[in-house]
Amino acid sequence: KLAVTDDLTQVYNYRFLKMALKRELKRSMRFGQELGLVMLDVDNLKGYNDRNGHLRGSYLLREMAALLARQVRSFDLIAKYGGDEFTLILPQTGLEGSVAVAERMRCAVEEHAFPLEDAGVITISLGVAICPRDAEDGQTLIRTADQALYVAKRQGRNRVLTYRDVADQAGTLR
């Protein structure tokens, strides 16, 4: 368990995420099913850390991970991707379902009062990409979801954007 779990948040770690994504992509292609990938980043964590200290920020990330884990099915996979980023693998889930899960997560976080903050101060931004529609390999799928996440943050945070939204806006739809 220690080898595949992030010690702080108790969700899967980046190493396990890479293995699981490779496995789920193979399964998705073999059975001709879509696979959703959601990248999410905690909004306003730096300000929270500045006001309350990094130890409190660590506790917030642990609470965030538990809150996010309650929003998904038992066979979905949530992993810590980076400092305050998480990735969600949604097997057998197309665009509509992936966006619904992402929006459910966004609302749950927005409505949650984290320690020392009112509800709505800590939010998340999310980017959604779908295999095979947006990418057919893990690295590209992560990159496309991350591009959508980046644009969601740039457009004001606390929102869900798909790679298709971003590509349409940029006129680069493939």
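Residues numbered from 1 in each chain as written. Predicted model: local features only at pLDDT ≥ 70, side-chain atom pairs only at ≥ 80, totals over all residues. Heavy atoms only, no water.

**Let's talk about the overall build of the protein chain**
For the protein chain, the helix and strand inventory stands at six helices and five strands. Ordered by position from N to C terminus, the α and β elements of the protein chain give α-β-α-α-β-β-α-β-α-β-α. Here the C-alpha radius of gyration of the protein chain, 16 Å, is about what a compact globule of 174 residues would show, namely 16 Å. Counting only C-alpha atoms and orienting by the principal axes, one finds that the protein chain spans roughly 45 × 40 × 20 Å. At a minimum sequence separation of 6, the contacts of the protein chain that also span at least 24 residues come to 67%. Total accessible area on the protein chain stands at roughly 8,700 Å², and carbon and sulfur atoms take up 50% of it. Counting 25 positive and 23 negative side-chain charges, the protein chain places the averaged centre of each group 5 Å from the other. (Helix = DSSP H or I, 4+ residues; strand = E, 2+ residues; numbered from the N terminus. Rg over C-alpha atoms; globule rule 2.2 N^0.38 Å. Contact = heavy atoms within 4.5 Å. Areas by Shrake-Rupley, 256 points an atom, 1.4 Å probe, with all protein chains shown as cover. Lys, Arg positive; Asp, Glu negative; His and termini not counted. Charge placed at Lys NZ, Arg CZ, Asp CG, Glu CD.)

**Quick notes on the side chain of T162**
Mapped onto the elements of the fold, T162 is located in strand β5 (residues 160-162). Judged by its relative accessible area of 6%, T162 is buried. (Buried < 20%, exposed > 50% of the residue type's maximum accessible area, 1.4 Å probe, protein only.)

**Quick look at the nonpolar core**
Grouped together as the largest cluster of nonpolar side chains are 29 residues, with contacts concentrated most on V42, M64, L68, F86, M105 and I124. At the level of secondary structure, the elements contributing two or more residues to this core comprise β1 (35-43), α2 (45-52), α3 (54-69), β3 (85-91), α4 (95-111) and β4 (123-131). Top element by residues in this core is α3. It accounts for six residues. Apart from the residues lying within four places of it in its own chain, the contact partners of L68 are L40, I78, F86, M105, V109 and I124. If you look at the next biggest cluster of nonpolar residues, it comprises 20 residues, including A20, I89, C131 and A167. (Core = buried A, V, L, I, M, F, W, Y, C linked by side-chain atoms within 4.5 Å.)

**Points about the packing of α3 against α4**
Interhelical geometry of α3 versus α4 gives an angle of 135 degrees and a closest axis separation of 10 Å. Overall, the two elements α3 and α4 adopt an arrangement that is oblique. Note on packing geometry: the crossing formed by α3 with α4 is right-handed. For the pair α3 and α4, contact is made by M64, L67 and L68 and by M105, A108 and V109, respectively. (Axes fitted to C-alpha atoms, helices over the stretch in contact; angles between N-to-C directions. Parallel < 35°, antiparallel > 145°, perpendicular 65-115°, else oblique. Left-handed = near helix turned anticlockwise from the far one by under 90°.)

**A word on a positive patch on the surface**
A surface patch of positive charge is lined by R15, K18, K22, K26 and R30. Secondary-structure assignment places K22 in helix α1 (residues 14-31). Of the residues examined, K22 reaches a relative accessible area of 56% and is grouped as exposed. (Patch = residues over 30% accessible without salt bridge, like charges linked within 9 Å, V, L, I, M, F, W, Y side chains within 5 Å. Salt bridge = Lys/Arg side-chain N within 4 Å of Asp/Glu carboxyl O.)

**Regarding α1**
Residue pairs three or four apart in sequence face the same way in an α-helix, which turns once every 3.6 residues. Between the first and last C-alpha of α1 there are 26 Å, a value that for 18 residues agrees with the 26 Å anticipated at 1.5 Å per step. Among all positions in α1, only F16, L17, A20, L21, E24, L25 and S28 are buried. Across the axial projection of α1, the buried residues extend over an arc of 160 degrees, all falling on one side. Turned more than 90 degrees away from the buried face of α1, the exposed residues are R15, K22, K26 and R30. If you follow the buried residues of α1, they end up packed against β1, β2 (77-80), β3, β4 and α5 (138-154). Between the side-chain oxygen at the start of α1 and the backbone nitrogen of R15 there is a gap of 3.3 Å, and the oxygen is on N13. Downstream of α1 by a residue or two, G32 has a phi angle that is positive, lying close to 65 degrees. (Expected span 1.5 Å × (residues − 1). Arc of directions from axis to C-beta. Polar contact = N/O pair within 3.5 Å; in protein donor to acceptor, adjacent residues only side chain to side chain.)

**Let's talk about the packing of aromatic side chains**
In the structure shown here, the tally under the stated rule is two aromatic pairs. Their ring planes at 20 degrees and their centres at 4.2 Å tell us that Y12 and F16 sit as a pair that is stacked. (Phe/Tyr/Trp six-rings, centres within 6.5 Å; stacked < 30°, edge-to-face > 60°.)

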